[in-house]
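Single-letter residue listing:
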Amino acid sequence: MSTKSPLKKRTRSQESSNSIERLYIAMRHLFSRGYYKPMGASGETLRNSLLLLRPEIYGSIGGDQVELKGLVYVLDRLPVGIEECTYINLTADEGYRESSFKVIIPKKRRRSCYRIDPHQMSIEVTRGRSEIYDILTHLTFLYIESHTIRKRVSLQRDKKMMHEWHLLEEIVLHHKKLTVQEREVLLVHLSSILGRSYIEVKEAHKELAEKDNPDRFAQIIYWLGKLAIDEIADDGQKRTIKFSPDLRDSIGHHIYGDIWATNIKEVLQEKNLLECPIHIVSANMHSVMNTLYAESALPKQAKSKEPFSLYNLLSDDSNEDLRKLVKEHAAKNGLYYIKDTSGTNINVQIIDTNKIDLKGWNFDESQPQKPVLIVMDYAFGEQAYETMDELLKPYYHQNGSRILMPVESVSIMGKAGILAGDKGDIMIPTAHIFEGTADNYPFKNQLRKRDFVDSDIPVIKGTMVSVLGTSLQNKDILQFFHDSTWRVIGLEMEGAHYQKAIQSASKIRGNISRAVKVRYAYYASDNPLKTGSTLASGGLGTTGVKPTYTITKKILEQIFTQ
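In this text, all values refer to a predicted model and were calculated from it rather than measured experimentally.

1. Section: helix α14 (residues 383–391)
Right, on to step 1. With 8 of 9 residues buried, α14 is to be regarded as a mostly interior element.
Right, on to step 2. Looking only at α14, the buried set comprises Q383, A384, E386, T387, M388, D389, E390 and L391.
Right, on to step 3. Among the structural elements, α10 (255–270), β9 (278–282), β12 (372–376), β15 (407–418) and α16 (495–508) are those in contact with the buried residues of α14.

2. Let's talk about the side chain of S250
Right, on to step 1. In this fold, S250 is placed in helix α9 (residues 245–250).
Right, on to step 2. Ignoring anything within four residues of it in the chain, the contact list for S250 reads A92 and I255.

3. Some thoughts on the side chain of S282
Right, on to step 1. Relative to the helices and strands, S282 resides in strand β9.
Right, on to step 2. Judged by its relative accessible area of 2%, S282 is buried.
Right, on to step 3. A distance of 3.0 Å separates polar atoms of two side chains, one belonging to S282 and the other to Y498.
Right, on to step 4. Those residues in contact with S282 that lie beyond four places of it in its chain are M376, D377, S411, I412, M413 and Y498.

4. Here's the deal with the packing of helix α5 (residues 163–173) against helix α6 (residues 180–194)
Right, on to step 1. Contact geometry of α5 with α6 gives a least axis separation of 9 Å together with a crossing angle of 130°. The angle between α5 and α6 places the two elements in the oblique class. Crossing of α5 against α6: the hand is left-handed. Between α5 and α6, the residues in contact are E164, W165, L167, L168 and I171 and L186, H189, L190, S192 and I193, respectively.
Right, on to step 2. Residues belonging to the contact of α5 with α6 are distributed by class as follows: 7 nonpolar, 2 polar and 1 charged.

5. Thoughts on the pairing of β12
Right, on to step 1. Within β12, 5 of the 5 residues are buried, which leaves the element mostly enclosed by the surrounding structure.
Right, on to step 2. The two faces of β12 match: V372, I374 and M376 on one face and L373 and V375 on the other face are all buried.
Right, on to step 3. Sheet topology places β9 next to β12; 5 bridges connect them, and they run parallel. Looking at β12, one finds that I280 is bridged to I374.
Right, on to step 4. Judged from the 5 bridges that link them, strand β11 (residues 348–352) and β12 form a sheet pairing that is antiparallel. By the bridge assignment for β12, Q349 is matched with V375.

6. Focus on the sheet that holds strand β4 (residues 113–117)
Right, on to step 1. On the basis of which strands lie adjacent, the open sheet formed by 6 strands has the order β1-β8-β2-β5-β4-β3 and mixed pairing. Looking at the sheet topology across the chains shown, the edges are occupied by β1 (35–36) and β3 (103–104).
Right, on to step 2. For β1 and strand β8 (residues 240–243), the ladder comprises 2 bridges, and the chain directions are antiparallel. Bridged to Y36 within β8 is I241.

7. Here we look at the packing of aromatic side chains
Right, on to step 1. Counting across every chain of the model gives 12 aromatic pairs.
Right, on to step 2. Summarising the aromatic geometry, the rings of Y96 and Y114 are spaced 5.3 Å apart at their centres and angled 35° between planes, so their arrangement reads as tilted. Taken together, the residues Y96 in the loop between β2 (87–91) and β3 and Y114 in strand β4 connect sequence positions 18 residues apart.
Right, on to step 3. Given the relative accessible area of 3%, Y114 is considered buried.
Right, on to step 4. Ring geometry for Y311 versus Y549: centroids 4.0 Å apart, planes at 5°, classification stacked. A residue pair is termed long-range when its members are at least 10 positions apart, and Y311 in helix α12 (residues 309–315) and Y549 in helix α17 (residues 545–561) qualify at 238 residues. The exposure classification of Y311 matches that of Y549, with both residues buried.
Right, on to step 5. Among the aromatic side chains, those forming a connected cluster through ring pairs are Y96, F101 and Y114.
Right, on to step 6. One cation-aromatic arrangement involves R33 over Y35; the distance from NZ or CZ to the ring centre is 4.6 Å.

8. Points about unusual backbone geometry
Right, on to step 1. Residue R54 is not a glycine yet carries a positive backbone phi of 50°.
Right, on to step 2. Note that R54 resides in the loop between α2 (44–53) and α3 (68–75).
Right, on to step 3. Given the relative accessible area of 35%, R54 is considered partly exposed.
Right, on to step 4. Of note, the phi angle at N345 is positive, near 65°, even though the residue is not glycine.
Right, on to step 5. With respect to the secondary-structure elements, N345 resides in the loop between β10 (335–338) and β11.

9. So, the pattern of salt bridges
Right, on to step 1. Enumeration over the complete set of coordinates arrives at 21 salt bridges.
Right, on to step 2. Of the charged contacts, one joins E67 and R196 as a salt bridge, the two residues approaching to 3.9 Å between their closest N and O atoms. Remark: R196 occurs in the loop between α6 and α7 (198–208) and E67 occurs in the loop between α2 and α3; sequence separation between them is 129 residues. Neither E67 nor R196 differs from the other in exposure class; each is buried.
Right, on to step 3. With a closest N to O distance of 3.0 Å, D230 and K226 form a salt bridge. Highlighted residues: D230 and K226, both in helix α8 (residues 216–233), separated by 4 residues, approximately one helical turn.
Right, on to step 4. When salt bridges that share partners are traced, they join R109, R111, E131 and D134 into one network.

Each value, and the rule that gives it
Residues numbered from 1 in each chain as written. Predicted model: local features only at pLDDT ≥ 70, side-chain atom pairs only at ≥ 80, totals over all residues. Heavy atoms only, no water. Buried < 20%, exposed > 50% of the residue type's maximum accessible area, 1.4 Å probe, protein only. Helix = DSSP H or I, 4+ residues; strand = E, 2+ residues; numbered from the N terminus. Contact = heavy atoms within 4.5 Å. Polar contact = N/O pair within 3.5 Å; in protein donor to acceptor, adjacent residues only side chain to side chain. Axes fitted to C-alpha atoms, helices over the stretch in contact; angles between N-to-C directions. Parallel < 35°, antiparallel > 145°, perpendicular 65-115°, else oblique. Left-handed = near helix turned anticlockwise from the far one by under 90°. Nonpolar A, V, L, I, M, F, W, Y, C, P; charged D, E, K, R; others polar. Pairing = 2+ DSSP bridges. Phe/Tyr/Trp six-rings, centres within 6.5 Å; stacked < 30°, edge-to-face > 60°. Lys NZ or Arg CZ within 6 Å of the ring centre and 35° of its normal. Salt bridge = Lys/Arg side-chain N within 4 Å of Asp/Glu carboxyl O.

Next up, the structure:
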């Protein structure tokens, strides 16, 4: 008889999957506990799991050199000044907006943050568990890298700091305004501190510079290193993350989603639109509006024969005046904008197409009612279930009547990582699988690959994986998803959550018609399997204009003609 063990050595993808599972178990435990010290014993599981996982987006996390691209990515998603704070409070919406504290909105995340004092930052969490996971993993990366800085500037033999550190400290603490030559000297010093080339440091310095604070990068590096040094010198000074009791009580109860959905239904009722056929579109706040209104709002600019030239023009940051004209024209012709006040940070447009000429869309004018569009901004991870679940529930009028939502279709357009293609390509999913579970959601997608045959954009069709966090994926686990029988073509964070809400509302609870049509299409924002093509390498820029508007037009064509 063979004495060999039937157990095989675990593959790197299996280790990665296990690390992600441990990360989420640890984060849930710490959330239930109410507080923890990220660089203390309580944060050890989180740190070790992240270091073992080594996600692509965090680059060379925990190495001998400071990871700059990952640092820029993370800081764009956290409030300005967080590197100076010893205490981070994660709270629900607890009324800070009514205080004198100035709200801080991160550059690339819609969340309200408040600097309470020089040592304390509060971050409002109103988008569910996915937002908590996002914040905690980014902070863990930040703190790990802060200790990389500490190790590099500490001269172990005589417990002194390197010469360059003292020069950096003098510049930061005295708020020195630098000449061009002095700034170049500073970048050389930072290069020594970070273990990165002068050109890499210069690029990061440029990325993080602000108009009123050109040397913000230097301040970030100093305070990250300073607090890490303090943590070693004084164990009681360890940075601490706390979760408020209100936040711990509110998570999972759809408090914000309920308020958000009710606001939308009240506007529909007020405008007498609750009996019209409704089509929900999850997208951004410009593509549907521009597609329907831009040509009539900007006839002069629309004369160009170049396809997508008008949308490229409107996507240019310098053309705010043109975007304003489109918004004003839309507001006069059936578009009602609902700025979020619920805390979900999801703004909404209601478009009454009865006030739009749809002849160019081959709309059958003999139909008794034209459709109403509910265009909702992007949800974040698990928040997609909360918002869609609440939106599809009946509306209960003040007189006690119960009105079912006449939803005929739900269309989801979003950005996603692609595993077999390039930025700007289009993905048409046939099913969503939920990472870390065997949960799977096959569906009949009304959008098909052949619908885009004339677009001159590469299109792939297959399974999408809804991940627990895009910042936690590495090449090993993504390669497994792609090469295994799951045959995954891309990854995103909301698809499975949306489909779970749609299926339960239509097939189990009877809140909407069983015949509701669903459309999913994504355009590739990055390819995490390609070096230099991850989210940390930068955004799509104008590359995203063509796929965004191509998908938008296909969705609208189906809504108006089917």
